[in-house]
Amino acid sequence: MLKKVIIGSLLASSVAFGSGAADINVNNNTLEIGVEYNINKSYNLDDNSNYLLFATYLRSEEENETNNKSLVTAGVKIINPYINDYGFNFGLGIKSVMADNSSKSFMAVPLEIFVSYVINEKFHLDTSYSYAPKVLTFIDGENYREWKAKLNYKVIDNGFVYVGGREIKTSYTNDTTYSYDDAAFFGFDVRF
């Protein structure tokens, strides 16, 4: 219940500040919602980078209810606001991850890299990769790995529909690995 209140508050604050984004995506057994807040719009920061705060909540449900898992992330990323001559845009980030499953506790602080490729004014491709080795993984965790790729289509001035794929894995000290999602998904992203 507390997680739902936190995520709802983040979504509401993103809309209230008017300088962020809200995102929702689903597949057969997973729901992910997220918010993003552009710090540059509120503070006088360097215009050579976009500084963004973000939070996401992912819930994966299996037919066997004992295998239900959730993942909460929050972090900061720095994205280059300019696209190079080849259509690429790059960024770096760091986030905290808390995983909840039926048997183990997990927390990690992965480092993240972002790459975006603008195909044309309607389509762009976003990719990201996150990794936390043992030194950045805590409690019962051994490491954290996540990759995501999505193809976005602009349907309105500030709204995109997309389809993508991702894989999220948490590894534990007892040689157990949990997969939080390793399937295609589709969703909608709106920017304020």
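One can find the structure itself at the top, above this paragraph.
Residues numbered from 1 in each chain as written. Predicted model: local features only at pLDDT ≥ 70, side-chain atom pairs only at ≥ 80, totals over all residues. Heavy atoms only, no water.

## Quick notes on the overall build of the chain
For the record, the criterion: In this text, helices come from DSSP runs of H or I with a minimum length of four residues, and strands from runs of E with a minimum of two, each type numbered from the N-terminal end. Each residue's exposure class comes from its accessible area (1.4 Å probe, protein chains only) as a fraction of the maximum for that residue type: buried when under 20%, exposed when over 50%, partly exposed otherwise. By definition in these notes, contact holds between two residues if any of their heavy atoms fall within 4.5 Å. Areas reported as accessible are Shrake-Rupley estimates using a 1.4 Å probe. Residue values count occlusion only from the protein chains shown.
For the chain, the count of helices and strands is 1 helix and 13 strands. Put simply, the chain runs from its N terminus to its C terminus through helices and strands in the order α-β-β-β-β-β-β-β-β-β-β-β-β-β. Expressed as a percentage of the 192 residues in the chain, the buried residues total 41%. Sequence separation of 24 or more characterises 49% of the internal contacts of the chain that already satisfy a separation of 6 or more. Accessible surface, the chain: about 10,600 Å² in total, of which carbon and sulfur atoms supply 59%.

## Some thoughts on the nonpolar core
Quick note on the threshold: Definition used in this section: a nonpolar core is a set of buried Ala, Val, Leu, Ile, Met, Phe, Trp, Tyr and Cys residues joined via side-chain atoms within 4.5 Å.
Core analysis: the largest hydrophobic core is formed by 12 residues, namely Leu58, Leu71, Val97, Ala99, Phe106, Ala108, Ala132, Tyr144, Ile168, Tyr172, Tyr178 and Tyr180. Among the secondary structure elements, those contributing two or more residues to this core are strand 5 (88-100), strand 6 (105-108), strand 11 (159-172) and strand 12 (177-181).

## Considering the packing of aromatic side chains
Worth spelling out the cut-off: Ring pairs shown here join Phe, Tyr and Trp side chains whose ring centres sit within 6.5 Å, with only the six-membered ring taken for Trp; geometry is labelled stacked below 30 degrees between planes, edge-to-face above 60, and tilted in between.
The tally for this structure, following the rule as stated, stands at 7 aromatic pairs. Measuring from centroid to centroid gives 5.4 Å for Phe106 and Tyr172, while their planes differ by 65°, and the two rings are edge-to-face. A residue pair is termed long-range when its members are at least 10 positions apart, and Phe106 in strand 6 and Tyr172 in strand 11 qualify at 66 residues. Its relative accessible area of 3% is what places Phe106 among the buried residues.

## What about unusual backbone geometry?
The phi torsion at Ile139 lies on the positive side, around 60°, for a residue other than glycine. Looking at the secondary structure, you find Ile139 in strand 9 (residues 137-139). Ile139 sits in the exposed class, given a relative accessible area of 57%. Backbone geometry at Asp175 places phi at a positive 65°, although glycine is not the residue there. Here Asp175 is to be found in the loop between strand 11 and strand 12. Taking the relative accessible area as the measure of exposure, Asp175 reaches 73% and is therefore exposed.

## Section: the pairing of strand 13 (residues 184-191)
As a reminder, the rule being used: Only strands that DSSP links by at least two bridges are regarded as paired with each other.
Of the strand pairs in this sheet, strand 1 (residues 20-26) and strand 13 are connected by 6 bridges, and their pairing is antiparallel. Residue Asp23 lies in a different strand from strand 13, and its bridge partner there is Asp189. Relative to strand 13, strand 11 runs antiparallel, the two sharing 7 bridges. By the bridge assignment, Gly164 is partnered in strand 13 with Phe185.

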